[in-house]
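# Per-entry structural report
What follows is each chain in one-letter form.
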Amino acid sequence: MIATLQCTVIDCPDPAALAAFYGGILGWRLDDSDPEWATLTAEDGRKLAFQLAPDHRPPRWPDPAHPQQVHLDFDVATRADAERAQRELIELGAVFLHDSGGERSGFRVFNDPAGHPFCICYGQLEPS
């Protein structure tokens with residue numbers, strides 16, 4: 001091993017706003033004290049950070065001329081959970097893009113408020 005992962009950083013035009021959006025999904029602790037950098041931290045120490053990019057140009061999923069480069073996948077247990085999550089995500093400011101249509105497992109694609117695509121995956125959790 002060469003190093004450990006510190007955090008994943010997402011470029012955006014408004015770090016505090018985008019961190020608050022993802023904080024609403026994950027329930028992680030928000031530190032938005034720096035106007036150019038905001039961080040979400042999970043109880044176990046995992047971090048997701050947001051960096052000011054004033055000239056940010058969002059990807060256009062699924063347009064290969066404007067590739068997504070990186071996207072986040074979030075898990076919920078069932079299709080019904082994905083439907084509930086979709087309603088809550090739209091209330092937070094997400095834009096719905098696509099439903100894979102699976103009955104038992106699949107995914108739904110959204111754009112976050114800064115235009116980054118992300119997925120809510122369902123029926124893919126390992127049984128505990």
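Within each chain, residue numbers correspond to sequence positions counted from 1 in written order. This being a predicted model, a pLDDT of at least 70 is required before a residue's local features are given, and a value of 80 or more before pairs of side-chain atoms are given or counted; all residues contribute to the totals for chains, interfaces and linings. Excluding hydrogens and water, the side-chain values take into account all heavy atoms of the structure.

Helix numbering and strand numbering both begin at the N terminus, where a helix is a DSSP run of H or I of at least 4 residues and a strand a DSSP run of E of at least 2. Summing up its helical and strand segments, the chain has two helices and eight strands in all. The order of helices and strands in the chain, counted from the N terminus, is β-α-β-β-β-β-α-β-β-β. On C-alpha atoms alone, the chain measures out to a radius of gyration of 15 Å, which is about the 14 Å that the 2.2 N^0.38 rule sets for 128 residues. Seen through its C-alpha atoms, the chain measures out along the principal axes to roughly 40 × 35 × 35 Å. We call two residues in contact whenever any of their non-hydrogen atoms come within 4.5 Å of each other. The contacts of the chain with a sequence gap of at least 6 include a subset with a gap of at least 24, amounting to 49%. Each accessible area value is a Shrake-Rupley result obtained with a 1.4 Å probe; residue values ignore everything except the protein chains displayed when judging cover. With an accessible surface of roughly 8,100 Å², the chain has 50% of that area assigned to carbon and sulfur atoms. We compute the radius of gyration from the C-alpha atoms alone; for a globule the expected value is 2.2 Å times N to the 0.38, where N is the number of residues.

Another point: the packing of aromatic side chains. In this scheme Phe, Tyr and Trp rings, the latter by its six-membered ring, pair at centre separations within 6.5 Å, and the angle between planes marks the pair as stacked below 30 degrees, edge-to-face above 60, and tilted otherwise. In total, this model carries eight aromatic pairs according to the counting rule given. Centre to centre, the rings of F74 and F118 are 5.9 Å apart; their planes meet at 85 degrees, and the pair counts as edge-to-face. With F74 in strand 5 (residues 72-76) and F118 in strand 8 (residues 117-122), this residue pair connects regions lying 44 residues apart in the sequence.

There is a patch of like negative charges on the surface, built from D31, D32, D34 and E36. A relative accessible area of 40% means that D31 is categorised as partly exposed. Patch rule: a residue counts if its relative accessible area is over 30% and it has no salt bridge; like charges are joined within 9 Å, and nonpolar side chains (Val, Leu, Ile, Met, Phe, Trp, Tyr) within 5 Å. When a carboxyl oxygen of Asp or Glu lies within 4 Å of a side-chain nitrogen of Lys or Arg, that pair is called a salt bridge. The charge count includes Lys and Arg as positive and Asp and Glu as negative, but it does not include His or the ends of the chains. Charge coordinates come from a single atom per side chain, which is NZ of Lys, CZ of Arg, CG of Asp or CD of Glu. Relative accessibility under 20% of the residue-type maximum defines a buried residue, over 50% an exposed one, and the middle range a partly exposed one, all with a 1.4 Å probe and only protein chains included.

UniProt positions are given in the numbering used here, feature names are shortened, and annotations may be inferred rather than shown by experiment. When the UniProt feature table is mapped onto this chain, "domain: VOC" (unreviewed entry) is found at residues 4-123. Taken end to end, residues 4-123 has its terminal C-alpha atoms 30 Å apart, with 22% of it in helix and 37% in strand.

Helix span, expected: 1.5 Å multiplied by one less than the number of residues in the helix. Between its first and last C-alpha atoms helix 1 (residues 15-26) spans 16 Å; for twelve residues at 1.5 Å apiece the expected length is 16 Å, and the two agree. Of all the positions in helix 1, only P15, L18, A19, F21, Y22 and G23 are classed as buried. Residue G27 follows helix 1 closely and has a positive phi angle near 75 degrees.

Time to look at the pairing of strand 8. With respect to burial, strand 8 is a largely interior element, six of its six residues being buried. Paired strands are those between which DSSP finds at least two bridges. Relative to strand 8, strand 5 is paired through five bridges, and the arrangement is parallel. Looking at the pairing, D75 lines up with C121 of strand 8. Two strands pair when backbone bridges link them, and strand 7 (residues 106-111) and strand 8 are joined in this way by six bridges, in the antiparallel orientation. Counterpart to F107 in the pairing with strand 8 is C121.

The next point concerns the side chain of H56. When you line up the elements, H56 lands in the loop between strand 4 (47-52) and strand 5. A distance of 3.3 Å separates the side chain of H56 from the backbone oxygen of A114, its partner in a polar contact. Under this definition, polar contacts are N or O atom pairs within 3.5 Å; protein pairs additionally need one hydrogen-donor-capable and one acceptor-capable atom, and for neighbouring residues in sequence, both atoms have to be side-chain atoms.

With that settled, the discussion passes to the sheet that holds strand 7. Two strands in a sheet stick together by hydrogen bonds in their backbones, pointing the same way (parallel) or opposite ways (antiparallel). Taken together, the four strands give an open sheet; going across it, the order is 5-8-7-6, and neighbouring strands pair in mixed fashion. Of all the strands in the sheet, just strand 5 and strand 6 (95-99) have a single pairing partner and so form its edges. On average, adjacent strands in this sheet sit at an angle of 25 degrees to one another, irrespective of strand direction. Where strand 6 lies against strand 7, four bridges are found, and the strand directions are antiparallel. Across the sheet, the residue bridging to D99 is R108, located in strand 7. Its contacts with the sheet put helix 1 on strand 5 and strand 8, and the angle it makes with strand 5 is roughly 25 degrees. Comment: axis = line fitted to C-alpha atoms, over the contacting stretch for helices; angle = value between 0 and 180 degrees taken between N-to-C directions.

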